[in-house]
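Given next are the chains, with one letter for each unit.
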Amino acid sequence: MFDIGASELLVIVIVAILVIGPKDMPKALRHAGRWIGKLRRMSNHFRAGLDEVVRQAEIEEMEENWAARNKEIMAKYPDGSTPEGGAEDRKAPENLLPGQEMEPLASAGETADPDAAAEAAIRRAAPVKAPEHAPSANIPATNSDEPTLPLDPPPPGKGG
């Protein structure tokens, strides 16, 4: 909107110093800054008000669409016994073999060996070591399956 270059800004500063004077310039700049701040706050307040009006209009439109869709569904299924996409409308998937049915997962009480299940879960969740982090000659090997932590580097010597 206002494209003020360096030369135009220099002319404005020189005219302001000549008209206002160097003694009253800080007071004038402070006063102008206050007015600019008030204008910015008013424009932000106005913009926030417009955004709120737009948001309320969008919410009302969404509520109207929801009410129309709800009315359509209630007219189509007044007793609520056969919802859209209900069990009566569904067919069995074609990729299932005859006699093959899905079985529910076992609950926590039906686990044969809870310790084995916990150990399997821990093994699945354990991070896998990258090849560059494999045990080397300077790290002692352990006989257990527990992950080894890297050793701290030795403290620096006094010599240097």
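That block above? That's the structure.
Quick caveat: nothing in here was measured; it's all calculated off a predicted structure.

A. Quick look at the overall build of the protein chain. A tally of regular secondary structure across the protein chain gives three helices and zero strands. Written out in order from the N terminus, the α and β elements of the protein chain read α-α-α. By residue count, 3% of the 160 residues in the protein chain fall in the buried class. For the protein chain, the computed accessible surface area is about 15700 Å², with 62% contributed by carbon and sulfur atoms.

B. Representation of a negative patch on the surface. Side chains of Glu-58, Glu-60, Glu-61, Glu-63 and Glu-64 sit close together on the surface and give a patch of like negative charge. Its place among the elements puts Glu-60 in helix α2 (residues 25-76).

C. Region of interest: a nonpolar patch on the surface. Side chains of Leu-10, Val-11, Ile-14, Val-15, Leu-18, Val-19 and Ile-20 sit close together on the surface and give an oily, nonpolar patch of about 690 Å² of accessible area. The residue Ile-14 is located in helix α1 (residues 6-20) in this model. You can call Ile-14 partly exposed: its relative accessible area is 45%.

D. α1, seen in detail. Here α1 spans 21 Å end to end across 15 residues, near enough to the 21 Å set by a 1.5 Å rise per residue. A positive backbone phi angle near 100° is found at Gly-21, which sits one or two residues after α1.

E. Representation of the packing of aromatic side chains. The full count for this structure, using the stated rule, is zero aromatic pairs. A cation sits over an aromatic face here: Lys-38 above Trp-35, 5.2 Å from the ring centre.

F. Main features of helix α3 (residues 114-125). Taking 1.5 Å of rise per residue, twelve residues should cover 16 Å, and α3 covers 16 Å from first to last C-alpha, within 8% of that figure. In terms of burial, α3 is largely open, as just zero of its twelve residues are buried.

G. Expanded view of the pattern of salt bridges. Inspection of every chain in the model, using the stated rule, returns two salt bridges. A salt bridge links Arg-55 to Glu-52; the shortest N-O distance between them is 2.6 Å. Of this pair, Arg-55 and Glu-52 are both found in helix α2, three residues apart, which corresponds to roughly one turn of the helix.

Conventions used here
Along each chain, residue indices are assigned from 1 in the same order as the chain's sequence is written. Confidence filtering applies because this is a predicted model: local features only for residues at pLDDT of at least 70, side-chain atom pairs given and counted only at 80 or more, and all residues used for totals across whole chains, interfaces and linings. As a convention, hydrogens and water are excluded, and side-chain values are obtained from all of the structure's heavy atoms. Counting from the N terminus, the helices are DSSP H or I runs at least four residues long and the strands are E runs at least two residues long. Residue exposure (1.4 Å probe, protein chains only): buried if accessible area is under 20% of the type maximum, exposed if over 50%, otherwise partly exposed. A 1.4 Å probe and the Shrake-Rupley method give the accessible areas. Residues count as covered only by the protein chains that appear here. By definition, no residue in a patch forms a salt bridge, and every one has over 30% relative accessible area; like charges are joined within 9 Å, nonpolar side chains (Val, Leu, Ile, Met, Phe, Trp, Tyr) within 5 Å. In the sections that follow, a salt bridge refers to a side-chain nitrogen of Lys or Arg positioned within 4 Å of a carboxyl oxygen of Asp or Glu. By the counting scheme adopted, Arg and Lys are positive, Glu and Asp are negative, and His together with the chain ends is not counted. Every charge is mapped onto a representative atom, which is NZ of Lys, CZ of Arg, CG of Asp or CD of Glu. By definition here, a helix of n residues has an expected span of 1.5 Å times n minus one. Each Phe, Tyr or Trp ring, with Trp reduced to its six-membered ring, pairs with another whose centre is within 6.5 Å; inter-plane angles below 30 degrees give stacked pairs, above 60 give edge-to-face pairs, and intermediate values give tilted ones. Comment: the charge-over-ring label is applied if NZ (Lys) or CZ (Arg) is within 6 Å of the ring centre and within 35 degrees of the ring normal.

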